[in-house]
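Given next are the chains, with one letter for each unit.
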Amino acid sequence: MLTTVKMSVTYRVLRSRPAGLSLHGLSSLLQRNLPARKPGCGCRMSGTNRAAETIRPLDGVRVLDLTRVLAGPFATMILGDLGAEVIKVERPGAGDDTRAWGPPFVGSESVYFLSINRNKKSIAVDLKHPRGAEIIQELAGVCDMLVENYLPGKLHQMGLGYDQLSRANPRLIYCSISGYGQTGPQSQSPGYDSIASAVSGMMHITGPEDGEPVRPGVAMTDLATGLYAHGAIMAALLQRHRTGRGVHIDCNLLSSQVSCLSHIAANYLNAGKEARRWGTAHESIVPYQGFRSKDGHIVVAAGNDKQFVKVCQVLELMELTEEPKYRTNKLRVQNRKQLLHTLSQRFLQEKTADWLRRFEGSGVPVGPINSIQEVFSEPQFLFSEVI
Amino acid sequence: MLTTVKMSVTYRVLRSRPAGLSLHGLSSLLQRNLPARKPGCGCRMSGTNRAETIRPLDGVRVLDLTRVLAGPFATMILGDLGAEVIKVERPGAGDDTRAWGPPFVGSESVYFLSINRNKKSIAVDLKHPRGAEIIQELAGVCDMLVENYLPGKLHQMGLGYDQLSRANPRLIYCSISGYGQTGPQSQSPGYDSIASAVSGMMHITGPEDGEPVRPGVAMTDLATGLYAHGAIMAALLQRHRTGRGVHIDCNLLSSQVSCLSHIAANYLNAGKEARRWGTAHESIVPYQGFRSKDGHIVVAAGNDKQFVKVCQVLELMELTEEPKYRTNKLRVQNRKQLLHTLSQRFLQEKTADWLRRFEGSGVPVGPINSIQEVFSEPQVKHNGLIQEMNHPTAGRVAVPGPAVRFSNFSPSGPTPPPVIGQHTVQVLRDTLSYSDDLIKTLLESKAVAQNEES
């Protein structure tokens, strides 16, 4: 019976829009009749007495996900992994841009899209349609958080900005992800990992020692931003336990990548020291880099003098340990070109697998430069079930 | 009066060690006399009505046993969010990175300074039995412990998760390692270089027809730290409902492989191996860096309209007439020739000129900034990414600031990275309520050390 009443009320409102009773107002009315599933504080006890061990950290938390492409969806995917209910809003028709990115496709599904969108529900809503925007407003009223990556100001134009939505739901946690920040001279530049990676200094420091800058082979700037965002969102949930209120969070590609520059940045800020590219090598430790082998590469991280001696043992180049100019790390750094040339020639003589075997038990950290296929054949990987 | 009683009890115990009353047991006894500051659930209401200035982790206490980069990066963010971070360092050398340099500011390593703000430092010898006991007691009054020892090492010292959680079932214990807590490679130490290689990151990074390289900063370490900081807060949220802590396994291998995202999925679903692309994009042209007269510029022309704009700005409109460049798919097929033409043109002007010409075109472009250029960007300054503070020995220092802003609190007023053992006495006295006599004995036994500087 209640259902019938609800339906007819809805119908009446759609037809006549009585003064004072907007669609939003009707929803508020309806909410009182909804099952007791309100935006959670995360503190709810589950209805059944499930063992403590099976309660995931974000069980009962509801996320309204307006993000597209990589940084945002990566963050909301992790929230979903932690138990949150993620409602992904996509525009009708094309949906998230990445649904079209490929090949490869599996059937008609973009592998790119598949890789970062598990544990989510998809709703197709046209935000530019007034009723579509209203639906988002209402959802924001019953969600714990909203995550978005529109150009700053765009959602506000649609009535979906933080100040607007938090008026109706002061507990709403609103996480904005952008290229450069919510305010400031570059805030209206769209956020692309390539560009942000360049502007933030990441490209400048990545590449061969005497070669051109390159970018990391996967969009680490986007991903770092997503990782910062997932943490910030949970920090805001923790904060809300004490304040009872939500917050507006500003995550952006530029800040995320510059923060990640850590010591590289601090070298400049404190000592005026500009960074440069080092290939696989380390500026202040030798030998600490990749070497070509007969059939691939091997990375060796000999962090101190003892480990250097071990390297010489394994390579059967004990005469190098007698050389005064290679005795300490400081000296090896000073004479790096010559030493590395000698070591490189030796590494070329055997296959990677042979070198790895010979280094076993030596205490020197070594590893292969794995292709993606080799990554997924690593026993440790298969063990940890990360697939 | 109570103070006097506690002191004499402490003295007697040290002398005679009555059966059944270990130092740990005494601490438990003492704890009942402690002020009501128990490990927080994060749900405590602040005394004053300061809703806007309550930071997310105010009242949360972190016992930080991590060293080098991934762990300290994670605990630094927790400190930025308001947590009290107690960084445990071995007396003498402390965290390895204190020796990493040049550059140094005074005697302080810039590397160490860059990732250790908002922490206290206590110098404790974990191999000393009393040192290990202090850590056990601290674990009893902390919300979380973060560590990056080889799996099993802390257990040998009586500081493993199963051991500490018996005394404190609410303890959140986050382990950071190279490859995981268990498994065939779990005993391999975690180095970013090696993990970057093993996890596929190096294979996919480098010039198109050149050798693999690693990202210029240790992104594998940093991604792990970022995963860890989130996981720790997830565990706090979970503890609100279960009342119990958890053991978290973060590691470099898993973090980097998870970040491979679509690159990994391409292989897993379509058997498609990845390769290196320099600054370019495999499936979009033009979408890469170009040399200019005096540097580089990156252009991200993601669709056909933007390609036309690029041709307009470059005054190469004839390219828009070429059938073989009409769609992105065709441009990808004919990339070598097109990119050669564009490259020649970009070389003719300076980066700043190109950026000016591209303004208002709608095509995303940007310079490849050196570090100096990064910190001259107005937006970088606007975002508060240069964080300055006064250090007790190094004077004025600057580090990259927090990446995330919250509308209801500001990251201002960080405490500077500590000198080693700066807070040893303070923590023993205020957090564990040790008497002055006990502290003096511990200092003399070299189980702990206090820096003279503070």
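Criteria and thresholds
- Going along each chain's sequence as written, the residues are numbered from 1 onward.
- As a convention, the first chain written is A and the first ligand written is 1, with the rest following in written order.
- Local features in a predicted model are, by the rule used here, given only for residues with pLDDT of at least 70; side-chain atom pairs are given and counted only at 80 or more, and totals for whole chains, interfaces and linings are based on all residues.
- To obtain the side-chain values, all non-hydrogen atoms of the structure were included, while hydrogens and water were left out.
- Contacts were defined at the residue level, with two residues in contact if any of their heavy atoms lie within 4.5 Å.
- A simple way to read buried area is as the amount of 1.4 Å-probe accessible surface that goes missing from two parts once joined, with both sides added.
- Basic side-chain nitrogens of Lys or Arg form a salt bridge, by our definition, when they fall within 4 Å of a carboxyl oxygen of Asp or Glu.
- Contacts described as polar in this section are N or O atom pairs within 3.5 Å, which, within protein, must combine one atom able to donate a hydrogen with one able to accept it, while residues neighboring in sequence count only if both atoms come from side chains.
- To qualify as a helix, a DSSP run of H or I must reach at least 4 residues; to qualify as a strand, a run of E must reach at least 2; elements of each kind are numbered from the N terminus.
- Asp, Glu, Lys and Arg are counted as charged, while Ala, Val, Leu, Ile, Met, Phe, Trp, Tyr, Cys and Pro are counted as nonpolar; the rest, among them Gly, fall into the polar class.
- At least two DSSP bridges between two strands are required for those strands to pair.
- Throughout, an axis means a line fitted to C-alpha atoms (over the contacting stretch in the case of helices), and angles, computed between N-to-C directions, take values from 0 to 180 degrees.
- A 1.4 Å probe that fits but cannot get out identifies a cavity on a 1 Å grid over protein atoms alone, an open set with protein on both sides within 12 Å along at least five of seven lines counts as a pocket, and a residue lines either if it has an atom within 4 Å of a point.
- Grid points are joined across faces, edges and corners, and a volume is the space filled by probe spheres set on the points.

**Q** Requested: an account of the interface of chain A and chain B, with residues and values cited.
**A** The interface of chain A with chain B comprises 126 residues on the first partner and 127 residues on the second. Carbon and sulfur atoms supply 69% of the area buried between chain A and chain B, which totals about 10,800 Å² over both sides. In terms of surface lost to chain B, no three residues of chain A exceed Arg242(A), Ile372(A) and Gln380(A), which account for 8% of the buried area on that side. The salt bridge involving Glu211(B) is made with Arg292(A); its shortest N-O contact spans 3.4 Å. Here chain A and chain B share 48 residue pairs in polar contact (both at pLDDT 80 or more) between them. Looking at the side of chain A that touches chain B element by element, the count peaks at 17 residues for helix α9 (residues 220–243) of chain A. Here the side of chain A that touches chain B is composed, by residue class, of 73 nonpolar, 41 polar and 12 charged. For strand β8 (residues 247–252) of chain A and strand β14 (residues 405–406) of chain B, the ladder comprises 2 bridges, and the chain directions are antiparallel. By the bridge assignment, Asp250(A) is partnered in β14(B) with Arg405(B).

**Q** How would you sum up the sheet that holds strand β9 (residues 288–292) of chain A? Please name residues and give values.
**A** All names here are of chain A. Overall, antiparallel pairing links the 3 strands, which are arranged β9-β10-β11 in an open sheet. The two strands at the open ends of the sheet, each matched to only one other strand, are β9 and β11 (366–368). Pairs of neighbouring strands in the sheet enclose a mean axial angle of 20°, with direction left out of account. Pairing of strand β10 (residues 297–301) with β11, which is carried by 3 bridges, proceeds in the antiparallel orientation. Bridge pairing in β11 places isoleucine 298 opposite proline 368.

**Q** Could you give an account of empty space enclosed by the protein, naming the residues involved and the relevant values?
**A** Following the criterion strictly, the structure yields 2 cavities of 30 Å³ or more and no others. The computed volume of the largest cavity comes to approximately 220 Å³. At the level of elements, α9 of chain A together with α3 (70–80) and β14 of chain B are the ones that each hand at least two residues to the lining of the largest cavity. The element contributing the most residues to the lining of the largest cavity is α3(B), with 4 residues. Tallied by class, the residues present in the lining of the largest cavity amount to 14 nonpolar, 7 polar and 3 charged. Considered as a void within the structure, the second largest cavity measures approximately 30 Å³ in volume. What lines the second largest cavity is simply Arg55(B), Asp80(B), Asn118(B), Ser410(B), Pro411(B), Ser412(B), Gly413(B) and Pro414(B). Of the residues in the lining of the second largest cavity, the class split is 2 nonpolar, 4 polar and 2 charged.

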